[in-house]
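Coordinate inspection notes
The residues making up each chain are set out below.
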Amino acid sequence: PQPNGQIWSISPKNNFQDVVIATKFKIIGTTTVSSDPVCLIMDEARNKKFVVIGSHLACCDNEEERQDGIDRVMNFVRSIKNNTGPFPTDNKTPIIIAGDLNLVGSEQNYKSLITGDIFDNISFGPDFKPDGDNSNFDDTHPFIPYHNADYTWFSPSNGYVPGRLDFIIHSGSL
């Protein structure tokens, strides 16, 4: 619950996706990347804008589709950083990528998100350093409270080991 009757801001729901962004801050712009929501959010108390990309990447053995989605997200991140995207931003605008990223296959998926190493440079442009200070993004990597574990998915009824499918990747320098 929000104090003093404040309401949550919620990104528009896309008919083809299961991801929404909810925030206590004001959403001042919205768009999508591969049908996932992207919001430009304003923290009015601090007079600070930031971008949140909510993502649900392809799961399981869909390696090419997942990497394509990551390359699209990182191409969008470059446009935000260079102020060529749909929002008025600059290289100091913090960016958060969060969601069910399903990073269960190739290490390239994670590497692309953290380092800006785009796999399909012909379609999505050159590699770049995604953070505002031209460094890598950070991985929040939260642990389960009171446990020395970081899995976000566990099902004792199937043959897979617990795994980390949900991530929060962000600009660490800003």
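Note: the structure precedes this text.
Residues numbered from 1 in each chain as written. Predicted model: local features only at pLDDT ≥ 70, side-chain atom pairs only at ≥ 80, totals over all residues. Heavy atoms only, no water.

1. Section: the overall build of the chain
Selection criterion: Comment: elements are numbered from the N terminus, with helices defined as DSSP H or I runs of at least four residues and strands as E runs of at least two. For a compact globule the rule gives 2.2 Å times the number of residues to the power 0.38, and the radius of gyration it is set against comes from C-alpha atoms. Only protein chains enter the accessibility calculation, which uses a 1.4 Å probe; a residue is then buried when its area is under 20% of its type maximum, exposed when over 50%, and partly exposed in between. Charge counting follows a simple rule: Lys and Arg are positive, Asp and Glu are negative, and His as well as the terminal groups are ignored. For this purpose, a charge sits on NZ of Lys, CZ of Arg, CG of Asp or CD of Glu.
Looking only at helices and strands, the chain has 3 helices and 8 strands in total. From first element to last, N terminus to C terminus, the chain shows the α and β order β-β-β-β-β-α-β-α-α-β-β. In summary, the chain has a C-alpha radius of gyration of 16 Å against a globular reference of 16 Å for 174 residues, a match within 12%. Counting only C-alpha atoms, the chain reaches 45 × 45 × 35 Å along its principal axes. Counting the 174 residues in the chain, one finds 41% classified as buried. Taken as two groups, the 14 positive and 22 negative side-chain charges of the chain have centres that lie 9 Å from each other.

2. What to know about the packing of helix α1 (residues 63-81) against helix α2 (residues 107-115)
This is how it is decided: Here an angle of 0 to 180 degrees is reported between the N-to-C directions of two axes, which are lines fitted to C-alpha atoms, with helices fitted over the stretch in contact. Here the word oblique covers every angle except those under 35 degrees (roughly parallel), over 145 (roughly antiparallel) and from 65 to 115 (roughly perpendicular). Note on contacts: a residue pair qualifies if any of its non-hydrogen atoms lie within 4.5 Å across the two residues.
For the pair α1 and α2, interaxial distance at closest approach is 10 Å and the crossing angle is 5 degrees. With respect to each other, α1 and α2 are oriented roughly parallel. Taken together, the residues of α2 that come into contact with α1 (itself represented by E63, R66, Q67, I70, D71 and M74) are Q108, N109, S112 and L113.

3. Some details on the packing of aromatic side chains
Inclusion rule: Any two of the Phe, Tyr and Trp rings considered here, Trp counted by its six-membered ring, make a pair once their centres fall within 6.5 Å; the pair's planes then place it as stacked at under 30 degrees, edge-to-face at over 60, or tilted in between.
Summed over the entire model, instances satisfying the criterion amount to 3 aromatic pairs. Taking 6.2 Å as the distance between ring centres and 50 degrees as the angle between the ring planes, the aromatic pair formed by Y110 and F167 counts as tilted. With Y110 in helix α2 and F167 in strand β8 (residues 166-170), this residue pair connects regions lying 57 residues apart in the sequence. You can call Y110 partly exposed: its relative accessible area is 33%. Measuring from centroid to centroid gives 5.8 Å for Y151 and F154, while their planes differ by 45 degrees, and the two rings are tilted. Judged by relative accessible area, Y151 falls into the partly exposed class, the value being 32%. Using a relative accessible area of 47% as the deciding quantity, one classes F154 as partly exposed.

4. Some words on the side chain of D71
For the record, the criterion: The salt bridge definition used is simple: a Lys or Arg side-chain nitrogen within 4 Å of an Asp or Glu carboxyl oxygen.
Here D71 shows up in helix α1. No salt bridge is formed by the buried D71; its nearest oppositely charged neighbour, R72, is found at 8.4 Å.

5. Digging into the sheet that holds β8
Strands in a sheet are paired, the pairing made by backbone hydrogen bonds, and the direction either parallel or antiparallel. Note the following rule: Any two strands between which DSSP finds at least two bridges are classified as paired.
Strand order across the open sheet formed by 6 strands is β3-β4-β5-β6-β8-β7, with mixed pairing between neighbours. Among the strands making up the open sheet, the edge pair consists of β3 (26-33) and β7 (138-139). Relative to strand β6 (residues 95-100), strand β5 (residues 48-56) runs parallel, the two sharing 6 bridges. Of the residues in β6, the one forming a bridge with S55 is G99.

6. Quick notes on the pairing of β8
Residues F167 and I169 of β8 are buried on one face, while the alternating residues D166, I168 and H170, pointing to the opposite face, are not. Both β6 and β8 contribute to a ladder of 5 bridges, which runs antiparallel. Pairing of I97 across the sheet is with I169, part of β8. Relative to β8, β7 is paired through 2 bridges, and the arrangement is antiparallel. What sits directly across from D138, in β8, is H170.

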